[in-house]
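Examination of the molecular architecture
Here's the letter readout for the chains.
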Amino acid sequence: MKERSEPRFPYRLLLDADISPEVARVARALGLDAISVYDCGRSELRDEEQLRLAAADGRIFVTRNRNDFLRWTAEFARMGEAHGGVLIVSRSIASIRPEPLAY
């Protein structure tokens, strides 16, 4: 069997405080590079600080907080500030089960 030279999902993820840290654990077990703001002691930071740190770490910020992060994304673009991207998770996906979010 030939070894794969690229990871299954080559992106690095940082999960917001509104997503269970268990999702990051399940995602890592699936081979994804995912951490939670709880894992790195950042759960109390403001939204814009989370985005800055995610960008500095080369991570996409994953959140359920659609409206605020759409606004922050536009604001970062307006200011020309570094941004690693935002992945908005639908609130229709149950937050009590981490597997659907991790997949």
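Residues numbered from 1 in each chain as written. Predicted model: local features only at pLDDT ≥ 70, side-chain atom pairs only at ≥ 80, totals over all residues. Heavy atoms only, no water.

**Some words on the nonpolar core**
Judged by nonpolar contacts, L13, L15, I19, V23, A24, A27, L32, A34, I60, V62 and V89 together constitute the single largest core of 11 residues. Every element with two or more residues in this core is listed here: β1 (12-15), α1 (21-29) and β3 (60-63). Ranked by residues supplied to this core, first place goes to α1 with 3 residues. In this structure, L14, F69, W72 and F76 belong to the second largest nonpolar core, which totals 8 residues. (Core = buried A, V, L, I, M, F, W, Y, C linked by side-chain atoms within 4.5 Å. Buried < 20%, exposed > 50% of the residue type's maximum accessible area, 1.4 Å probe, protein only. Helix = DSSP H or I, 4+ residues; strand = E, 2+ residues; numbered from the N terminus.)

**Observations regarding α1**
Of all the residues in α1, the buried ones are V23, A24, V26 and A27. Taken down its axis, α1 places every buried residue within 165 degrees of arc, on the same side. Downstream of α1 by a residue or two, G31 has a phi angle that is positive, lying close to 95 degrees. (Arc of directions from axis to C-beta.)

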